[in-house]
Amino acid sequence: MRVELSDEARRLVALFEDEAAVTVRDCVVDEEHDQVVYLVKRGEMADAIGPGGQTVERVEERLGREVKLVEAAETAEDFVANALAPAAVYNVTVSENDDTVAYVEVAQEDRGAAIGREGRNIDAARQLAKRHFDIDGIELT
């Protein structure tokens, strides 16, 4: 699925790629939660984070907003699990009836991490899952 980036998103991708020396597959500017979500090429997450989180911290300082990183994945199930990190996801089932919905099994103690402050994590996961796998919704079970 081809994703169109705004001029601002392209600028933010270039900034992060220069700072981290990784490949960014997508960028979502989340004005509602004052964050930027980067979809990083599979296998490059450690480099994107940097030693002790230094790369993310530097980018956050430059942008003046929070940065969330999501690692790309081959399957919709793995993608949704990655998008909800740092929550421990036990299972993801994608159901295709009238809508395509990902049902995610998360430990009770990790529900807060999956949802995030003011819903920021699950909102970002829903937006990325729609853009990359045409998933209409994510429901925690």
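Procedures and definitions
Residues numbered from 1 in each chain as written. Predicted model: local features only at pLDDT ≥ 70, side-chain atom pairs only at ≥ 80, totals over all residues. Heavy atoms only, no water. UniProt positions renumbered as here; feature names shortened; annotations may be inferred. Core = buried A, V, L, I, M, F, W, Y, C linked by side-chain atoms within 4.5 Å. Buried < 20%, exposed > 50% of the residue type's maximum accessible area, 1.4 Å probe, protein only. Domains from an automatic or database assignment. Contact = heavy atoms within 4.5 Å. Helix = DSSP H or I, 4+ residues; strand = E, 2+ residues; numbered from the N terminus. Buried area = accessible area lost by both parts, 1.4 Å probe. Salt bridge = Lys/Arg side-chain N within 4 Å of Asp/Glu carboxyl O. Pairing = 2+ DSSP bridges. Axes fitted to C-alpha atoms, helices over the stretch in contact; angles between N-to-C directions.

In the annotation of an unreviewed UniProt entry, the entry for the protein chain reads Probable transcription termination protein NusA, and the organism field reads Haloarcula taiwanensis. Looking at the protein chain in UniProt, the text filed under Subcellular location (unreviewed entry) is "Cytoplasm".

Side chains that are nonpolar tend, in soluble globular proteins, to be buried together. Val 80, Leu 84, Val 104, Ile 138 and Leu 140 are the most contacted members of the largest nonpolar core, which totals 25 residues. Inspection of this core shows a minimum of three residues originating in each of domain 1 (7-71) and domain 2 (76-140). Among all residues touching Val 104, those that are not within four sequence positions of it are Val 80, Leu 84, Val 89, Asn 91, Val 92, Ile 138, Glu 139, Leu 140 and Thr 141. Core analysis: the second largest hydrophobic core is formed by 18 residues, Leu 12, Val 36, Met 45 and Val 59 among them.

Turning our attention to the UniProt feature "domain: KH type-2" (unreviewed entry) in the protein chain. Taken from the UniProt record, the annotation "domain: KH type-2" (unreviewed entry) applies to residues 18-71. For residues 18-71, the helix share is 33%, the strand share is 35%, and the end-to-end C-alpha distance is 18 Å.

Turning our attention to the environment of Ala 114. Its place among the elements puts Ala 114 in helix H5 (residues 111-115). Take Ala 114: its relative accessible area is 0%, and that puts it in the buried class. Remark: the alpha-carbon pair of Ala 114 and Glu 8, spanning 106 residues in sequence, is separated by 27 Å. Filtering out sequence-adjacent residues up to four positions away, Ala 114 remains in contact with Leu 84, Ala 87, Val 106, Asn 121, Ile 122 and Leu 140.

Along the polypeptide, Ala 9 turns up in helix H1 (residues 7-20). What makes Ala 9 buried here is its relative accessible area of 3%. Ala 9 sits 103 residues away from Gly 112 along the chain, and the two C-alpha atoms are 28 Å apart.

Here the focus is the domain arrangement of the protein chain. Taken domain by domain, the protein chain consists of domain 1 (7-71) and domain 2 (76-140). Taken over C-alpha atoms, the centre of domain 1 sits 20 Å from the centre of domain 2. Taken together, the contact pairs 11 residues of domain 1 with 15 residues of domain 2. Of the roughly 1200 Å² buried where domain 1 meets domain 2, counting both sides, 50% is carbon and sulfur surface. Of all residues in domain 1, the largest losses of buried area upon contact with domain 2 belong to Val 28, His 33 and Lys 68, amounting jointly to 41% of the total for that side. Between domain 1 and domain 2 we count three salt bridges in total.

A word on the sheet that holds strand S3 (residues 66-71). Here we have three strands laid out as an open sheet, ordered S1-S2-S3, and mixed in their pairing. The open sheet has two free edges, formed respectively by strand S1 (24-30) and S3, since each of these has just one partner strand. This sheet shows a mean twist of 20° between the axes of neighbouring strands, independent of strand direction. When S1 meets strand S2 (residues 35-40), the two strands line up antiparallel, connected through six bridges. In the sheet register, Val 24 faces S2, and the bridge partner there is Val 40. Set on the sheet, helix H6 (residues 120-133) makes contact with S1, S2 and S3; between it and S1 the angle comes to about 130°.

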